[in-house]
4 protein chains.
Amino acid sequence: MSEPADRVSEPVDIVGPFTAWTDRESLAEQMIPLVGALYRRRNVVTTIHGRRLPGRSANDLLKLHRFARHLDGVELDPSEIAPVLEGLTRLDLGPAVIDLADLNERFRAQEEQGLDDFLRRELAEVVGVGAFAVPPTDVVLFGFGRIGRLLARILVSRAGGASGLRLRAIVVRGSGSDDIVKRASLLRRDSVHGPFDGTIVVDEAAQTITANGTVIALVHADDPGQVDYASLGISDAILVDNTGKWRDRVGLERHLLNRGIRRVLLTAPGKGDIPNVVHGVNTNDIGDEAIVAAASCTTNAVTPVLAAIDEEFGVEHGHIETVHSFTNDQNLTDNFHPEGRRGRSAVLNLVLAETGAAKAVAKAYPALAGKLTGNAIRVPTPDVSIAVLTLRLERPVTRDELNSFLRGVSLRSGLHRQVDYVDSPEIVSSDQLGARKAGVVDGRATIADGTPSVVVYVWYDNEYGYSRQVVRVLESMTGVRISSYPARVPSAPQPRGLLSAAGSAPS
Amino acid sequence: MSEPADRVSEPVDIVGPFTAWTDRESLAEQMIPLVGALYRRRNVVTTIHGRRLPGRSANDLLKLHRFARHLDGVELDPSEIAPVLEGLTRLDLGPAVIDLADLNERFRAQEEQGLDDFLRRELAEVVGVGAFAVPPTDVVLFGFGRIGRLLARILVSRAGGASGLRLRAIVVRGSGSDDIVKRASLLRRDSVHGPFDGTIVVDEAAQTITANGTVIALVHADDPGQVDYASLGISDAILVDNTGKWRDRVGLERHLLNRGIRRVLLTAPGKGDIPNVVHGVNTNDIGDEAIVAAASCTTNAVTPVLAAIDEEFGVEHGHIETVHSFTNDQNLTDNFHPEGRRGRSAVLNLVLAETGAAKAVAKAYPALAGKLTGNAIRVPTPDVSIAVLTLRLERPVTRDELNSFLRGVSLRSGLHRQVDYVDSPEIVSSDQLGARKAGVVDGRATIADGTPSVVVYVWYDNEYGYSRQVVRVLESMTGVRISSYPARVPSAPQPRGLLSAAGSAPS
Amino acid sequence: MSEPADRVSEPVDIVGPFTAWTDRESLAEQMIPLVGALYRRRNVVTTIHGRRLPGRSANDLLKLHRFARHLDGVELDPSEIAPVLEGLTRLDLGPAVIDLADLNERFRAQEEQGLDDFLRRELAEVVGVGAFAVPPTDVVLFGFGRIGRLLARILVSRAGGASGLRLRAIVVRGSGSDDIVKRASLLRRDSVHGPFDGTIVVDEAAQTITANGTVIALVHADDPGQVDYASLGISDAILVDNTGKWRDRVGLERHLLNRGIRRVLLTAPGKGDIPNVVHGVNTNDIGDEAIVAAASCTTNAVTPVLAAIDEEFGVEHGHIETVHSFTNDQNLTDNFHPEGRRGRSAVLNLVLAETGAAKAVAKAYPALAGKLTGNAIRVPTPDVSIAVLTLRLERPVTRDELNSFLRGVSLRSGLHRQVDYVDSPEIVSSDQLGARKAGVVDGRATIADGTPSVVVYVWYDNEYGYSRQVVRVLESMTGVRISSYPARVPSAPQPRGLLSAAGSAPS
Amino acid sequence: MSEPADRVSEPVDIVGPFTAWTDRESLAEQMIPLVGALYRRRNVVTTIHGRRLPGRSANDLLKLHRFARHLDGVELDPSEIAPVLEGLTRLDLGPAVIDLADLNERFRAQEEQGLDDFLRRELAEVVGVGAFAVPPTDVVLFGFGRIGRLLARILVSRAGGASGLRLRAIVVRGSGSDDIVKRASLLRRDSVHGPFDGTIVVDEAAQTITANGTVIALVHADDPGQVDYASLGISDAILVDNTGKWRDRVGLERHLLNRGIRRVLLTAPGKGDIPNVVHGVNTNDIGDEAIVAAASCTTNAVTPVLAAIDEEFGVEHGHIETVHSFTNDQNLTDNFHPEGRRGRSAVLNLVLAETGAAKAVAKAYPALAGKLTGNAIRVPTPDVSIAVLTLRLERPVTRDELNSFLRGVSLRSGLHRQVDYVDSPEIVSSDQLGARKAGVVDGRATIADGTPSVVVYVWYDNEYGYSRQVVRVLESMTGVRISSYPARVPSAPQPRGLLSAAGSAPS
């Protein structure tokens, strides 16, 4: 036996921690139906430090309680949070996003009022307004590849509440008779993202897929121009084009010729004057545009980080090199491909690929126009990528200063839903699978030594993280604005611009 | 638009199914704290058709309700099941495994009694006996590789209830000062099995890892002989040797020289007279043996299927070819390896590897002694394998007959915890990641055409499915026997032997 | 220092072996221009134990000399072989295949004649007949995927001699202006098979690719029906359809409507009454058929081995399970695919795939009709597969007997160009990359224990080995028959059927 | 048929190009024994534009003739080169490196002399000096992993001539009785680099491996201190330590305690005051040092490129991000590893890994000290990496200017053996497998737009390219200097420093 000399030799208490855990677990389990009921009946999304609670398991809830130590240095105590949640159920609430951690902090910080009075005062705006003020917006997925299927999963998981989004139809290219079974199967099982969380029922006669109760029509069409959405009961819908076939206004406008479609969202970089929206950065560009593009996964991953750094330190020049998982636009084995190098086997090679990400960043965040170059190296992993941002700043910065700033952006800023931050010595790409934010800064990797030259590493789930950004754009396109409570009072001197916009929506 | 002509054109009802789903979801959420409370306070494991409920999410519970259609052709209705569960909470139950689906079926089949009276009668044996009759057994994991870490995850997830197993220590080889952080990190994040479900806290001073409240001591030792378990408060423990270094009695007995260790379980094939136990097949061989081996992953995957087929059809001769994911005993790139071919890069090659699985089957199920040959082909996937069983039976069989039999084994037989059955046109290996049973028959692949020559394909998660079998052996080694309710009354003519032993424990 | 005790301690001679090597190397280098001149000027293909010499490097030639020990127990001595080769250059030879090893053996076995007289007698039939008796046959490759490009490489490397095949054109689907550069690039560099052996020159104006002097026209066409081959100077050509789009007579006959095309060879299993030819097994089925199919790679790999075993031992029943590298008909990431399971990511999964190989074997070798079943498991390697033949023979056989027989088939039999045999403890799939024969028996893996139940493992380069078989069919389709010298006199009791047909052509 | 309109319709001449090719092929074949004889008997290494000819096939020679167009715009004509080569064989030459292309160019540029007179004058220094002036230096490989085995392959291929290096022994860790068979097998077959080019014979009694006539003793030792090299007849040897276990002077000096070992070369970055030599950059640091290190593969790949750019443009600051294939110091599946992140599965992840390459560059090229940062991302490919050099230069540069400069460095400079340049639209990593130079600039990827900020991409075969650099260091350590002819007369204004040192040795 070769133990470290300093091992504490007295017997460790094993009963106390375990009892403490089961007590917390019990509280977390009791929270689940309450969270669910508020979500379904009241359109109330509860959160903990900005992270949504509906649909989470008991262990997930306890992880969120523990995560809180990154903000305040201490874990949240479910025996404090659970009563706050319970208090909410006693109010006649209308649609809102309510952060339990923030509410609890404010409640503990005052002494005048009891819990119910406190809650009634804090949430006065949404008490008694009625639950279902929000009529849902129909959504059609045109194309059902990897992004389309992930969007379907997210939309179905959000169907229960105030999201305002109702997935109605999926349009795919014509195919054989058992097509719907195959399409449903691809939704049900995914080699990368795992099984669908819930149940899927196929009705071949009606040509519908019902996923967790959401009834989705499967429509076959090779052409965007002539689908009779209205006959499916779809109206004023947002169509999400996942095919990438048409990226200019002329091509995408053909969707608008159909009765039933009101707006189009392209899940690829749009050409010409189509606004390319990176949610959190230029969300305002959505406005009333009939056609909006959600830019690329890489653009979504890096723009928020670059914008934050630029606002704080100023970026003189930068190069974005993204080491990117392969995607379906490459080949399995060497074969013809119209674009350079992408024809060569994606599984066996590092493949240099041009990327428009550098220019696309400037479309969403014009302050960086002309300052960035970019390139991609496609590598043999199926998902999750990392962008290497080699930057020359306007002023010198230390590693601690830069990391501390980026960590703060991830926790409390107008970009907190887009930027995450991880500080762990063993993180690799597969750990970022399923990351909900657009980009995750790897603090351990940051290079900065008191000069203006720095390197920042940003992980991103180029499939899932991007899909979450797309859904955020979709939600913004509905025009529904749900208020968040309690209103955030910044605890630190207010930063400029994007960072200041205290995030109102849950990630 | 090129729709199939037979599309039902009348508008589909989208509100009804969605409301039905949210109603069910609401019921499922309400079941969670009840399932948890029964588990933690009463040592009652609730199940649905043999599948454990504790720890499941609401969507998981609804999937189990839907899965029930494989048995009865109809889904379970949570509005029937929830009241049964609620009824249980009103009883003063002691440790038991209680199947809600079976109870409900029996309740609906009678008319005399109200629910509470019915439950009180059915569960009479365990009403009023008191909850914590079962003192837990200490477990030590010697070696913390892939199997060791999965065992830790399973044991931690089971710590809350009547499992009778309490993970106390992990023994690893000596290393540097930040060793415990790295070990905890490997438990927390897994490139194949994903993140740990819960929270992990490291105490470097105490050298403990606390996972969901379970306090686990990390001990460094290069040699099995001299660890002072007693000083850690460990007594009468079962030590699980995951190193594979010692596979004979002499080597493994050294663990028993330590105070605190009472029995040893080897997670590899044991040599000599050590019983090799495939749980469900020769569980009885465990007896009071001080040293037990859990055989190999492949042996666990195929033996139950082969035993079932042999009992029903008789096996004259067979060959087992397993197409197996690579494991850590191979090399990343070509390099020296004492065993043939395993030195060559596991990532770039199909590698023929001898396997003792054919002989090992006969150790657990002697009726097949001398009748089987076997071989393995290691391929570049990180987990999940498939065994191809090419068999000559004693009588001809059709594909339907064989599949129907195997499906039955998976649903209602003494091997229902070991054998699963899947019938889906799109199943591939990654879908079996996390499979809880030892082997999953792929019914669509079965080859049989009315002759005695058949081929059966068995998927298995060679890491996780095997680890579940190991935990089953561990549970059997504790000697604790928890009864199942309601006692199963077979609905079909009783098969012979193993198949008849109506499974009493949840999978 | 821990040396084995039995190390021979006296200093090892290092000069002798090295001098011997450089002497042999010098001889081998001198053989190269002689081999080349005979090939180019005389249409004489020299071989060593059936293996072609033209194009080989000096080291390759020495490896062939050493390989000879598998037949006779001793290596060939280049100082014996070189004079024989030199002797050939002194004769006025016409087209022939001449085996230097066999000639040498016969020469050494007699004493009457000097070398020149001996050679003149042995080769009397082809002395003085003139060199260019064989007019070449034009070949068109329709489709330029992996098989098409490998065929081009082989045809170009054979262009210099008596193959009778002249690659004239490649037909691909229409594309952009830089298409020819990309097509040439794919021919020049291959992620699996490495760089093209020689030089490639693109003429964009003439739309030709010149590879090692062979001028190949690139033609764009989406449809087989209307290519004006005649205007390219192509006549009476054999068109090789590599697209797999049309597999029945009606579809393939459209090629024959074009002026310039005389026959069609399909590099996939043909449907209906199209003969499926496995070269070496049913070569005679080619006859004058206008349309011939070359069956699949798996069929080509296993049929010769199965036929040989059946002729010798009789096959009662068998199952073919092939563990197969992915191919371009699968998907890189999960996506829609009309065939079952093939839509799931080929890189991340074991994918069960139906294969027609079992039935196809019987088309080429009818004696096995109704006796075989088959299945494929696609795995994440880019090339090289292994077929597991689980057989029940008509009589018991030992492992030595079976292996010895298969080894003999590979060395001296009518199937020696199709069947190879390897006996090495460290062989893995990547070692078989570039294997020239259709299938390679892995003797170390053979399972047989004196019963009629055996398992035989057959490696195959499913791309390259198959392409070599296709070229053999092509050569047979030209109708040119080049005699081999010396005529083989079997050294052992003559086996039946296929095996007896002493191979006349080089592998 | 959809042909481009501008297709040249007149029939293409197919006979002329083919005849031209076979004529050239014939000449190339005839060159092979001449190249070999000069190499073996005269220690004359012939080259074409700096690329070695010995051991090349006829097609390789023709590729070199064609490559020449990158320098002069036209291919070399073998009908000019062959006579020059033949001329050399008529002289009584001593050890030299003789470039046939340069000789030919000079010969054609004068008119006074006939070929023989010209050659005699140009090579006057080495005519009549005798062939075997160079006694070979013994080499011992300590450690036989991937680098060790590649070094063995290169040394064996060089054994025939004036390299001055004679591989005598391989030292590996103790193992079982069939160890030598396995070691030889790993040398014979490589999953990445393919089969050994030649023959390997194992003598188990003598414990020797004879590779292409080179007799190599296999020695087992766990410790560097006590191998009796002298008893194997080894003296004054250079030992190459490939284990990486000892990287400081104290550790490596233990090799020098053995009789028979005179100097040590470490194939890893050396610590402390051990000179880290990047051949071509700081070759002079070798001097008489008893212990020398060859730095890392990445350092060798990037230092020559960085040094060249710095000499020409001045480097203000730079970041090196290398996207690197996995290596054996990572794990196949997640497991413990003392270094951060490297424990996680190398196959499934992008793994951030610290690299000392940035600092190591400055050790070999001090002008860049303090100006570089660096990092590595390990990705799932088995070999070949790419370094991304993001640089801020002292002056603006256009893309054409930068590429033209780098191309020139690769063709004519003191770094021409270290730096290669490729300009092709379809290059991917697998194409660089087997690259002989330390780094290959991918000109198509270069980013520069007239500002001082540029990005340069450098491919490297991190196994083979590095091994070639190690052999160059070894050759320099022998102290043998073989002159090159004709002495290069720079055709352009002479660059500074490293670039000016007209390369005297073949690559």
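What counts as what
- Residues numbered from 1 in each chain as written.
- Chains lettered and ligands numbered in written order.
- Predicted model: local features only at pLDDT ≥ 70, side-chain atom pairs only at ≥ 80, totals over all residues.
- Heavy atoms only, no water.
- Patch = residues over 30% accessible without salt bridge, like charges linked within 9 Å, V, L, I, M, F, W, Y side chains within 5 Å.
- Areas by Shrake-Rupley, 256 points an atom, 1.4 Å probe, with all protein chains shown as cover.
- Salt bridge = Lys/Arg side-chain N within 4 Å of Asp/Glu carboxyl O.
- Lys, Arg positive; Asp, Glu negative; His and termini not counted.
- Charge placed at Lys NZ, Arg CZ, Asp CG, Glu CD.
- Helix = DSSP H or I, 4+ residues; strand = E, 2+ residues; numbered from the N terminus.
- Contact = heavy atoms within 4.5 Å.
- Polar contact = N/O pair within 3.5 Å; in protein donor to acceptor, adjacent residues only side chain to side chain.
- Nonpolar A, V, L, I, M, F, W, Y, C, P; charged D, E, K, R; others polar.
- Least-squares fit on C-alpha atoms with pLDDT ≥ 70 in both.
- Pairing = 2+ DSSP bridges.
- Domains from an automatic or database assignment.
- Buried area = accessible area lost by both parts, 1.4 Å probe.

Visitor: Is there a simple way to explain a positive patch on the surface in this structure?
Guide: Together, Arg247, Lys271, Lys359 and Lys363 of chain A make up a region of like positive charge exposed at the surface. Counting through the fold element by element, Lys363 of chain A comes out in helix H11 (residues 357-364).

Visitor: Teacher, can you tell me more about the interface of chain B and chain A here?
Guide: Interfaces are often described in size by the accessible area the parts lose on coming together. Taken residue by residue, the interface counts 72 residues in chain B and 71 residues in chain A. For the pair chain B and chain A, the number of links is six salt bridges. Joining chain B to chain A, the criterion identifies 18 residue pairs in polar contact (both at pLDDT 80 or more). Residue assignment for the side of chain B that touches chain A shows that the elements contributing at least two residues are helix H1 (15-42), helix H2 (58-67), strand E5 (165-172), helix H8 (179-188), strand E6 (200-203), strand E7 (208-211) and strand E8 (214-220) of chain B. The greatest single-element share of the side of chain B that touches chain A, amounting to 14 residues, is contributed by H1 of chain B. When grouped by side-chain class, the residues that make up the side of chain B that touches chain A number 28 nonpolar, 25 polar and 19 charged.

Visitor: Hey, could you run me through the relation of the copies chain B and chain A in this one?
Guide: What relates the two chain copies is a rotation about an axis together with a slide along it. Laying chain B over chain A is done by rotating through 180° and shifting 0.0 Å along the axis; what remains is an RMSD of 0.0 Å. The operation mapping one copy onto its partner corresponds to a two-fold rotation axis. Relative to the rotation axis, the closest C-alpha in chain B is found at Ser57 of chain B, a distance of 2.8 Å. Comparing contact sets, 99% of the residues at the interface of chain B also lie at the interface in chain A, consistent with an isologous, same-surface contact.

Visitor: Sorry if this is basic, but what is going on with the sheet that holds strand E3 (residues 96-99) of chain D here?
Guide: Strand pairing in a sheet relies on backbone hydrogen bonds, with the paired strands running either antiparallel or parallel. Residue and element names in this part refer to chain D. With respect to topology, four strands assemble into an open sheet ordered E2-E1-E3-E19, the strand pairing being mixed. What marks the edges here is a single partner per strand, and that holds for strand E2 (51-52) and strand E19 (484-485). As paired elements, strand E1 (residues 44-48) and E3 share four bridges and run parallel to each other. Each bridged residue has a counterpart across the sheet, and for Thr47 the counterpart in E3 is Asp99.

Visitor: Got a minute to help me understand the domain arrangement of chain A in this structure?
Guide: All names here are of chain A. Examined at the domain level, chain A breaks down into domain 1 (16-122), domain 2 (137-268) and domain 3 (297-464). Domain 1 puts eight residues into the contact, and the matching count from domain 3 is seven residues. Taken together, the two surfaces of domain 1 and domain 3 that pack against each other cover about 590 Å², and 40% of this comes from carbon and sulfur. A per-residue breakdown of the area domain 1 buries against domain 3 is headed by Arg51, His70 and Leu71, which together make up 55% of the total. Counting across the interface, domain 1 meets domain 3 through one salt bridge.

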